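Residue-level listing of the chains:
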Amino acid sequence: MNVLDMLQFETNEKMPSHYKELTEEDMIERVKQIKEKFGRRLLIPGHHYQKDEVIQFADITGDSLQLAQAAAENKEAEYIVFCGVHFMAETADMLTSEGQNVLLPDMRAGCSMADMADIEQTERAWTKLQKMYGDTILPLTYVNSTAAIKAFVGKNGGATVTSSNAEKMLRWSFEQKQRILFLPDQHLGRNTAYNLGVPLDKMAIWNPLTNELEFDGNPEDVIVILWKGHCSVHEKFTVKNIEDLRLAKPDMKIIVHPECSREVVAESDLAGSTKYIIDTIEAAPAGSKWAIGTEMNLVKRIIDQHPDKEIVSLNPFMCPCLTMNRIDLPHLLWSLEGLEEGKIINQIKVDPKTAEHAVLALERMLEHV
């Protein structure tokens, strides 16, 4: 029997120290060898925010949902080594078949935004909000959330959203219920609702730490309840960054992701999803000038791909996403060598009941986009 048919399932192992002593050239060569050996039995999805040292080996690149859908459509891959963060690998596991195994090279690769809404906090909030507003609220969650939150939303009639389809999903939600609870990113929720014409004074914040609604007016006026969460990367872009850039380079256009604050989005020229940003720069004429407000690994890659344009980060001191950066070449190689040795290291497995309700939330979104 082939050793690959006798896989041992292991999770939360610590990468052996000798991987840090290997040269980049040796690691690159080994990854190439293993990829060639496994062929179509192995799929490596890579998120846009990954380092170049990792993204060079990605079979597909994209945002979190694109990658999970692509993994689900690939029925040949037995092993999906997901180069992203934990919630993305969870989504891939839920959308792929039983015979496919999803691995995360480093289990520390999480998402601070997703972690800002845990299931206990959410259930406490829902109980209190139901007492306040009755059956008038539909929950929505950004796909940048845990499987448990997606399951909660699915179980309560709601759906997931992406930054690309958030407006469509909010329109759909308002056809179902009078109010929306939007998890876990307040900025995407606020920017999307504002674009649809919801006044800021009809939006409230839900603080999960105090289990209280933060709103100055009459609570009955609230139609959008925003979970008090945010992206630690995109919140670092500021109005001061924009003011400084306008003074230094008034002819430079500013494009940002809607995970940035309402104030930053309002002062920018354009705002949209990662795909929107990539496509906009791609279509821009040679010689055009751009400041981009999104994750630094992606900005650097866009700069490298468009030498005919002047492109900078909106925040010149921005760092890459620290949790996303935990997936590096040594961890990728460790995952692949584990497979070669007959071990599945750091497998991501969502329990069937959670997956059932979470997939409901995902399917509701896919039906309306």
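Residues numbered from 1 in each chain as written. Predicted model: local features only at pLDDT ≥ 70, side-chain atom pairs only at ≥ 80, totals over all residues. Heavy atoms only, no water.

Engineer: Help me understand the environment of Val102 in this model?
Structural biologist: By secondary structure assignment, the location of Val102 is in strand E6 (residues 101-103). Classification of Val102 as buried rests on a relative accessible area of 0%. As a C-alpha pair, Val102 and Glu220 span 118 residues in sequence and 45 Å in three-dimensional space. The residues touching Val102, leaving out its near neighbours within four places in the chain, are Ile80, Phe82, Ala89, Ala92, Asp93, Thr96, Asn346, Gln347 and Ile348. (Helix = DSSP H or I, 4+ residues; strand = E, 2+ residues; numbered from the N terminus. Buried < 20%, exposed > 50% of the residue type's maximum accessible area, 1.4 Å probe, protein only. Contact = heavy atoms within 4.5 Å.)

Engineer: Whenever I open this one, the UniProt feature "binding site: iminosuccinate" (unreviewed entry) in the protein confuses me. Can you help?
Structural biologist: Sites flagged by UniProt as "binding site: iminosuccinate" (unreviewed entry) map to His47, Ser64, Tyr142, Val143, Asn144, Ser163, His257, Pro258, Glu259 and Thr274. Assignment of secondary structure puts Glu259 in the loop between strand E13 (253-256) and helix H11 (262-267). With residues up to four places along the chain from it excluded, the contact list for Glu259 reads Met113, Tyr142, Asn144, Asp185, His187, Cys231 and His234. You can see Thr274 is positioned in helix H12 (residues 274-283). Relative accessible area serves as the criterion here: at 7%, Thr274 is assigned to the buried category. Residue contacts for Thr274: discarding those within four places in its chain leaves His48, Tyr49, Ser163, His257 and Leu298. (UniProt positions renumbered as here; feature names shortened; annotations may be inferred.)

Engineer: Would you mind showing me how to read the packing of aromatic side chains here?
Structural biologist: Describing an aromatic ring pair means giving the distance of the ring centres and the angle of the ring planes. Summed over all chains, the structure comprises 2 aromatic pairs. Arranged with centres 5.5 Å apart and planes meeting at 85°, the rings of Trp126 and Phe152 form a pair that is edge-to-face. Separated by 26 residues along the polypeptide, Trp126 in helix H6 (residues 119-133) and Phe152 in helix H7 (residues 147-155) bring together distant segments of the chain. Classification of Phe152 by relative accessible area gives buried; the value is 5%. (Phe/Tyr/Trp six-rings, centres within 6.5 Å; stacked < 30°, edge-to-face > 60°.)

Engineer: Would you explain the side chain of Arg179 in this entry?
Structural biologist: Structurally, Arg179 can be placed in strand E9 (residues 179-183). Judged by its relative accessible area of 2%, Arg179 falls in the buried class. In terms of polar contacts, Arg179 uses its side chain to reach the backbone carbonyl oxygen of Glu220, at 3.1 Å. In contact with Arg179, not counting residues within four places along its chain, are Tyr133, Thr136, Ile137, Leu138, Glu220, Val222 and Ile223. (Polar contact = N/O pair within 3.5 Å; in protein donor to acceptor, adjacent residues only side chain to side chain.)

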